[in-house]
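An overview of the molecular structure
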Amino acid sequence: MKEKHYKKELSAFLNHELSPEERQTVGEHLLHCQICRSEHEEIKFAVILAQNLKRADAPTGVWNGIEAELNGKTSRKAAVSIFNFRNLAFASVLLILISGFSAIFYLNLSRTEETVENSPKNTPQIFQPEKTAGWQVESIEGAPKILNSSKPELLEVGEILETDENSRAKIDVADIGQVEIAPNSLVKLVNSSETEHRMALEYGSLEAMIFAPPRLFVVDTPTAAAVDLGCAYKLEVDKAGNSKLHVTSGYVALERDGRESIVPAGAMCLTRRGKGLGTPFLETASTEFKDALKKFDFENGGSAALEKILRKARSQDTLSLWHLLSRVSGKEREQVFQKIASFSKLPESVTREGILNLDKQMLEDWRYELEMLWFE
């Protein structure tokens, strides 16, 4: 099947000019299409760069030369000479400066938050995205508290919002969506800028509805980061730091230590402190399948748990099986491959050897085909 790309829609996607349905379609496509995702990142980078370029006037001598030519005081040959040599030199220097600025900007943008925080205070910052004033907070019930703040209706970067057993709050996440904070919860606003809106859920529960480009909104938990891909979801964290993600629309990527769990609408994923990310599963999966998956992920269930997972799997459960391909090896990976292949033929671009060797592009191509089974 020939895959449709959305390159022409990416500018409108970034500028919030698409309908919610179109935004979800493009956002879901960006999840698995490396070609469009690379194009999206390039356009996004160019937009941010253009927004932060400052106006610069040409040197006075350039305009004097042009004015003299218009007044007939300079011969055409002299004017051309001025333009060709002075302006060529100026343009060359300007081009070098812009190229250097772009390179420095790109490197600075890719730094991790930890690097920025640990850098010396007197180190000049070439560029940092301008942060917004804060997120508006509305009390739905009771009296939610923004700790150590004189503005009870505005959550600013670095501040903490806490609800007790009798209070709930709604937060406007800049202009990209809303988050509802349940009772007995504690959240912190970590960052709010053109390139990232990030909060941390220390414990409790929240429900998010976001309409934004992929990876713009992130929620940190003690055991993983929930990276929004244009969706709606519920995220719970207990006092031990364990979490449960339930996606109701779109997709969310749970990430931790280089591992990623992609969770689509109708699916869930668990994390455990000290054990990391679990394997995503559909909420309609059988109890036996879920129990076996839990034992495999967090209780050292090993081969016995995997055997039960494969025996109880339905075609829809290829969501879980696809993730397991990269989490097992050797004979067990072969067994998982055979089970998935019994439900879905390999696309033309995919080979058995490529999947067993975890070829990234082949895995993504196969997942794109398997998604049709997940939503049956």
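Residues numbered from 1 in each chain as written. Predicted model: local features only at pLDDT ≥ 70, side-chain atom pairs only at ≥ 80, totals over all residues. Heavy atoms only, no water.

It is worth spelling out the overall build of the chain at this point. If you tally the helices and strands in the chain, you get 12 helices and 17 strands. For the chain, with 376 residues in total, the buried portion stands at 44%. Once local pairs closer than 6 in sequence are excluded, the contacts in the chain between residues at least 24 apart make up 48%. Surface summary for the chain: the accessible area is close to 20,400 Å², and the carbon and sulfur share equals 52%. (Helix = DSSP H or I, 4+ residues; strand = E, 2+ residues; numbered from the N terminus. Buried < 20%, exposed > 50% of the residue type's maximum accessible area, 1.4 Å probe, protein only. Contact = heavy atoms within 4.5 Å. Areas by Shrake-Rupley, 256 points an atom, 1.4 Å probe, with all protein chains shown as cover.)

A word on the nonpolar core. Counting residues in each nonpolar core, the largest one holds 69 residues, and the members touching the most others are Leu206, Phe217 and Tyr233. Of all the elements, helix H12 (residues 360–374) adds the most residues to this core, at six residues. Discounting chain neighbours no more than four positions away, the residues touching Tyr233 are Leu206, Glu207, Ala208, Phe217, Val219, Ala226, Asp228, Leu245, His246, Val247, Thr248 and Val252. (Core = buried A, V, L, I, M, F, W, Y, C linked by side-chain atoms within 4.5 Å.)

If the charged atoms of two oppositely charged side chains come close together, the side chains can form a pair. Taken as a whole and assessed by the stated rule, the structure comprises 14 salt bridges. Note that Glu196 and Arg198 form a salt bridge whose closest N and O atoms lie 2.6 Å from each other. Across the pair, exposure class does not vary: Glu196 and Arg198 are buried alike. For Asp257, the salt bridge goes to Arg256, with nearest N and O atoms at 3.3 Å. Through salt bridges with shared partners, a single ionic network connects Glu141, Arg168 and Glu180. (Salt bridge = Lys/Arg side-chain N within 4 Å of Asp/Glu carboxyl O.)

In this section: helix H7 (residues 287–298). Taking 1.5 Å of rise per residue, the 12 residues of H7 would be expected to cover 16 Å, and the 16 Å separating its terminal C-alpha atoms lies within 8% of that figure. Every buried residue of H7 is listed here: Phe289, Ala292, Leu293, Phe296, Asp297 and Phe298. If you follow the buried residues of H7, they end up packed against strand E15 (267–272), strand E16 (276–277), strand E17 (281–282), helix H8 (302–312) and helix H9 (318–324). Two residues or fewer past H7, Asn300 is found with a positive phi of approximately 55 degrees. (Expected span 1.5 Å × (residues − 1).)

Judged from the four bridges that link them, strand E10 (residues 225–228) and strand E13 (residues 251–256) form a sheet pairing that is antiparallel. Each residue of the ladder has a partner; that of Asp228, found in E13, is Val252. Sheet topology note: the E13/strand E14 (residues 259–264) ladder contains six bridges and is antiparallel. The residue of E14 that forms the bridge with Arg256 is Arg259. The antiparallel pairing of E13 with E14 creates a hairpin that spans two residues between the two strands, and Asp257 there sits at a positive phi of about 55 degrees. (Pairing = 2+ DSSP bridges.)

Turning our attention to the packing of H8 against helix H10 (residues 330–341). Interhelical geometry of H8 versus H10 gives an angle of 10 degrees and a closest axis separation of 11 Å. Overall, the two elements H8 and H10 adopt an arrangement that is roughly parallel. Each of Ser303, Leu306 and Leu310 in H8 lies in contact with H10, whose residues at this interface are Glu332, Gln335, Val336 and Lys339. For the contact of H8 with H10, the per-class residue count stands at three nonpolar, two polar and two charged. (Axes fitted to C-alpha atoms, helices over the stretch in contact; angles between N-to-C directions. Parallel < 35°, antiparallel > 145°, perpendicular 65-115°, else oblique. Nonpolar A, V, L, I, M, F, W, Y, C, P; charged D, E, K, R; others polar.)

Here we come to the side chain of Ser320. With respect to the element layout, Ser320 can be found in helix H9. If we skip the residues at most four places from it in the chain, Ser320 touches Thr279, Pro280, Phe281, Phe289 and Leu293.

So, on to the packing of aromatic side chains. Overall, the coordinates contain one aromatic pair when judged by the stated rule. Directly above the aromatic system of Tyr203 lies the positively charged group of Lys239, at a separation of 4.6 Å from the ring centroid. Across the ring face of Phe298, the terminal group of Arg272 is positioned such that the distance to the ring centre comes to 5.2 Å. (Phe/Tyr/Trp six-rings, centres within 6.5 Å; stacked < 30°, edge-to-face > 60°. Lys NZ or Arg CZ within 6 Å of the ring centre and 35° of its normal.)

The subject of this paragraph is the packing of H7 against H8. The geometry of H7 relative to H8 is characterised by a closest axis approach of 8 Å and an angle of 155 degrees between their N-to-C directions. Here H8 runs roughly antiparallel to H7, going by the angle between their axes. Both H7 and H8 take part in a crossing whose hand is left-handed. Every residue of H8 that contacts H7 at Glu288, Phe289, Ala292, Leu293, Lys295 and Phe296 is listed here: Gly302, Ala305, Leu306, Lys308, Ile309 and Lys312. (Left-handed = near helix turned anticlockwise from the far one by under 90°.)

What follows concerns H12. With 15 residues, H12 should cover 21 Å at 1.5 Å per step; its first-to-last C-alpha distance of 20 Å lies within 8% of that length. A bend of about 30 degrees at Tyr368 is the largest found in H12. Taken across its 15 residues, H12 has 11 buried, putting it largely inside the fold. When we look at burial in H12, the residues that qualify are Met362, Leu363, Glu364, Asp365, Trp366, Arg367, Glu369, Leu370, Glu371, Leu373 and Trp374. (Bend = angle between axes of the 7 residues up to and from the residue.)

This brings us to the environment of Leu310. Mapped onto the elements of the fold, Leu310 is located in helix H8. Discounting residues that sit within four places of it in the chain, Leu310 has contacts with Leu321, Gln335, Val336 and Lys339.

Moving on: the environment of Ala200. Note on placement: Ala200 falls in strand E8 (residues 197–210). By relative accessible area, which is 18% here, Ala200 ends up buried. A sequence separation of 10 residues divides Ala200 from Val190, and the C-alpha atoms of the two residues are 6.7 Å apart. For Ala200, the residues in contact, after removing those within four places along its chain, are Leu186, Val187, Lys188, Val190 and Asp220.

Here we come to the confidence of the model for the chain. Segments scoring low in pLDDT should not have their predicted coordinates read at a detailed level. For the chain, mean pLDDT is 79; residues scoring 70 or higher make up 70% of the total. Of the regions scoring below 50 in pLDDT, residues 73–132 engages in 48 contacts with residues more than four places distant in sequence or in other chains. (pLDDT = per-residue confidence, 0-100.)

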